[in-house]
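Residue-level structure breakdown
One-letter residues, chain by chain:
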Amino acid sequence: MTPRSAEFIAIGSELLEPCRYDTNGSYIALRLGEIGVPLRFRTVVGDRLDDLCVAFRAALARSDLVIATGGLGPTIDDLTREALADVLGLPLIEDPDLLRGLEERFRRFGRDMPPRNRLQALVPRGAEVLANRNGSAAGLLLRPGGKVIAVLPGVPHEMRTMMEESVLPRLGRTGRRFARRVFKVAGLGESEVDRALAEIHAGAQKVDWTILAAPAQIEIHLRETIVGDGHASEIERLDREISGVLGVHLFARDASTMEEVVGRLLLEAGATLATAESVTGGGIARAITRVPGSSRYFRGGVVCYSDDAKVRTIGVRPETLAAHGAVSAAAAREMAEGVRRLLDTTWGIASTGYAGPEGGGETAPPGTVHLALSGPGPGGAELVRLPGDRDMVRERAVQAALDLLRRALLGAAA
């Protein structure tokens, strides 16, 4: 049977906490879309048997394919097997092959298997066991009443391997797939992007279109349904039109990031970079060094948070601070020039500002950030007013600083 619609259930009480996020659902949505199966619902449910049963019953009532992750371990809160057996009216039966495999796994590590791990050998009667070569929790596949239920471990690398090796090959093909593209935009607000692209959006025809305010950037998400062996011709057409309208504000597509784009431009120019950071507290350097191979162009950075550190480490003049203050274009320029000189780089970039909750009075409220760039030719400075709380201001300041450098590198290469 080829599923017409799918639902994903993320199982685990920890996923309901404010500091934890489900990442499995995004991966599953992507892979199902590539074989033309739309993911219509995503549910997060805690480790309560009654709640799990409600989630599975609702999913089976409205979707052909249900994929769940989590709750397959040996602890008291791992209740996925019990919930499935309850919902489907099936007894749990110990699988002898699965039990032997568990015992052998513990022997390989020189340990005796705790009695509670025997629970991982229980499967609803008739379920197909999906091997997990990266962990102890096997997956399960059931086909009740023409539906498909796949239950996988919640550990992402285990889940992904099993999805690729055991689930996707068992799903029929729909004869279609979903082509996607994400455009990443800097320097414009959500409403500005919407206005600029209104005419293009009106002619988007059969391409689904969403504009999102992502952290420190705007994203345009396109999805086109491709039948047979066709190509994403509409997305390609829209790409050309969107690029023409947004110009330099369009900095990346799909998974590419601002720091990757900046790194590529630095490499192409044979240029090097140093950072002097106050308000961003090392965030610019952290973003740059997230990119593998960034040592080829990034020499280092200085976090000069106090006025004394600005003077002592990178040579900001005391008279500049006395006349203009640490949060000023003049101070930012001297920070960029000083770190460039200190580390002998092609470019130096600097940030100083008020992240909040305090600011510098009516003329410099929280979110006031001065960025500066020192490089070949005249230096540049930019004042930005960034909304949000302290963390958001700092994150947006990092992105704005990298974008300032990106535009300078593009201008130098033109």
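Presented here is an overview of the structure given in this document.

Criteria and thresholds
- Residue indices begin from 1 for each chain and proceed along its sequence in written order.
- The predicted origin of the model limits local features to residues at a pLDDT of at least 70 and limits the giving and counting of side-chain atom pairs to 80 or more, whereas totals for whole chains, interfaces and linings rest on all residues.
- Side-chain measures were taken over the full set of non-hydrogen atoms in the model, leaving aside hydrogen atoms and water.
- Numbering of helices and strands runs from the N terminus, with a helix taken as a DSSP run of H or I at least four residues long and a strand as a DSSP run of E at least two residues long.
- Each residue gets one of three labels from its accessible area relative to the maximum for its type: buried under 20%, exposed over 50%, partly exposed in between, using a 1.4 Å probe on protein chains only.
- We call two residues in contact whenever any of their non-hydrogen atoms come within 4.5 Å of each other.
- Residue exposure ignores everything except the shown protein chains as possible cover, and the areas themselves are Shrake-Rupley values with a 1.4 Å probe.
- The charge count treats Lys and Arg as positive and Asp and Glu as negative. His and the chain ends do not count.
- Every charge is mapped onto a representative atom, which is NZ of Lys, CZ of Arg, CG of Asp or CD of Glu.
- By convention, a stacked pair of Phe, Tyr or Trp rings (six-membered ring in the case of Trp) has centres within 6.5 Å and planes under 30 degrees apart, an edge-to-face pair has planes over 60 apart, and any other such pair is tilted.
- Only when the NZ of Lys or the CZ of Arg is both within 6 Å of the ring centre and within 35 degrees of the ring normal is a charge said to sit over the ring.
- Put simply, buried Ala, Val, Leu, Ile, Met, Phe, Trp, Tyr and Cys residues joined by side-chain atoms within 4.5 Å make one nonpolar core.
- Angles here are taken between N-to-C directions and fall from 0 to 180 degrees, while the axes themselves are lines fitted to C-alpha atoms, restricted in helices to the stretch in contact.
- Any angle that is under 35 degrees is reported as roughly parallel, and any over 145 degrees as roughly antiparallel; angles of 65 to 115 degrees are reported as roughly perpendicular and all others as oblique.
- Here a crossing is called left-handed whenever its near helix is offset anticlockwise from the far helix by less than a right angle, and right-handed whenever the offset is clockwise.
- Any residue outside Ala, Val, Leu, Ile, Met, Phe, Trp, Tyr, Cys, Pro, Asp, Glu, Lys and Arg is labelled polar, Gly included; the first ten of those are nonpolar and the last four are charged.
- Here the rule is simple: two strands pair whenever DSSP picks up at least two bridges between them.

**Let's talk about the overall build of the chain**
A tally of helices and strands in the chain yields 14 helices and 17 strands. Along the three orthogonal principal directions, the C-alpha set of the chain runs to about 80 × 55 × 40 Å. Counting the 414 residues in the chain, one finds 49% classified as buried. Sequence separation of 24 or more characterises 67% of the internal contacts of the chain that already satisfy a separation of 6 or more. Accessible surface computed for the chain: about 19800 Å², of which carbon and sulfur atoms make up 51%. Separation of charge centres in the chain, based on 51 positive and 53 negative side chains, amounts to 3 Å.

**A few points about the packing of aromatic side chains**
The final tally for this structure, using the stated rule, is 0 aromatic pairs. Cation over ring: Arg-62 sits above Phe-41, and NZ or CZ is 4.0 Å from the ring centre. Residue placement shows Arg-223 over the ring face of Phe-178; its charged tip is 4.1 Å from the ring centre.

**Describing the nonpolar core**
Judged by nonpolar contacts, the single largest core of 35 residues is most densely connected at Leu-266, Leu-273, Trp-347, Val-369, Leu-402 and Leu-405. Among the elements of the structure, β12 (250-253), α9 (258-269), α10 (283-289), β15 (347-353), β16 (368-374) and α14 (390-413) are those that each provide at least two residues to this core. If you tally residues by element for this core, the top one is α14, at 9 residues. Dropping the residues within four chain positions of it, Leu-402 is found in contact with Met-258, Glu-259, Val-262, Ile-284, Ala-287 and Ile-288.

**Considering the packing of helix α1 (residues 24-33) against helix α5 (residues 156-167)**
At a minimum axis separation of 11 Å, α1 and α5 run at an interaxial angle of 15°. The angle between α1 and α5 falls in the class roughly parallel. Seen along the crossing, α1 lies across α5 with a hand that is right-handed. Facing α1, whose interface residues are Asn-24, Tyr-27, Ile-28, Arg-31 and Leu-32, α5 presents Pro-156, Met-159, Arg-160, Met-163 and Glu-164. Each residue belonging to the contact of α1 with α5 can be placed in one class, and the counts come to 6 nonpolar, 1 polar and 3 charged.

**A few points about the side chain of Glu-7**
Here Glu-7 shows up in strand β1 (residues 6-11). Given the relative accessible area of 1%, Glu-7 is considered buried. With sequence-adjacent residues up to four places away left out, Glu-7 is seen in contact with Leu-39, Phe-41, Thr-43, Ala-59, Arg-62, Ser-63, Leu-65, Val-66 and Ile-67.

**Quick word on the sheet that holds strand β6 (residues 128-130)**
Consider a sheet: its strands pair through backbone hydrogen bonds, and that pairing is either parallel or antiparallel. Ordered by their spatial adjacency, 6 strands build an open sheet running β2-β1-β3-β8-β7-β6, and the pairing between neighbours is mixed. A single partner strand is all that each edge strand has here, and the edge strands are β2 (39-45) and β6. This sheet shows a mean twist of 15° between the axes of neighbouring strands, independent of strand direction. By the bridge criterion, 3 bridges tie β6 to strand β7 (residues 139-142) in an arrangement that is antiparallel.

**Focus on the sheet that holds strand β9 (residues 176-185)**
The strand order across the open sheet built from 4 strands is β10-β11-β9-β12, with neighbouring strands paired in antiparallel fashion. Every other strand in the sheet has two partners, leaving β10 (207-214) and β12 as the edge strands with one partner each. Strand-to-strand twist in this sheet, taken as the mean axis angle between neighbours without regard to direction, amounts to 25°. One ladder, built from 3 bridges, connects β9 with β12; its direction is antiparallel. Residue pairing across strands places Val-185 opposite Leu-250, the latter belonging to β12. Running at roughly 155° to strand β11 (residues 217-227), helix α8 (residues 233-246) makes contact with β9, β10, β11 and β12 of the sheet.

**Side note on the environment of Ala-214**
The topology assignment puts Ala-214 in strand β10. The spacing of Ala-214 and Asp-22 is 192 residues in sequence and 17 Å in space, taken between C-alpha atoms.

**Thoughts on the pairing of β9**
For β9, the tally of buried residues reaches 7 of 10 residues, placing the bulk of the element in the interior. By the bridge criterion, 10 bridges tie β9 to β11 in an arrangement that is antiparallel. Across the sheet, residue Arg-177 finds its bridge partner in β11, namely Ile-226.

**As for the packing of helix α11 (residues 307-314) against helix α13 (residues 329-343)**
Interaxial distance between α11 and α13 falls to 9 Å at its minimum, and their mutual angle equals 35°. Taken as a pair, α11 and α13 cross one another with a handedness that is left-handed. Here Lys-310, Thr-313 and Ile-314 of α11 lie close against α13, whose contacting residues are Glu-334, Met-335, Gly-338, Val-339, Arg-341 and Leu-342. Across the contact of α11 with α13, the residue classes tally to 4 nonpolar, 2 polar and 3 charged.

**Looking at α1**
Most of α1 sits out of view: 8 of its 10 residues are buried. Within α1 the residues assigned to the buried category are Asn-24, Gly-25, Tyr-27, Ile-28, Ala-29, Arg-31, Leu-32 and Gly-33.

**A closer look at the pairing of strand β8 (residues 148-152)**
Summarising burial for β8: 5 of the 5 residues are buried, a large majority. A two-sided burial pattern is seen for β8, the buried positions comprising Val-148, Ala-150 and Leu-152 on one face and Ile-149 and Val-151 on the other. With 5 bridges joining them, strand β3 (residues 65-69) and β8 adopt parallel strand pairing. When the bridges of β8 are listed, Ile-67 appears paired with Ala-150. Here β7 runs beside β8; their pairing, made up of 3 bridges, is antiparallel.

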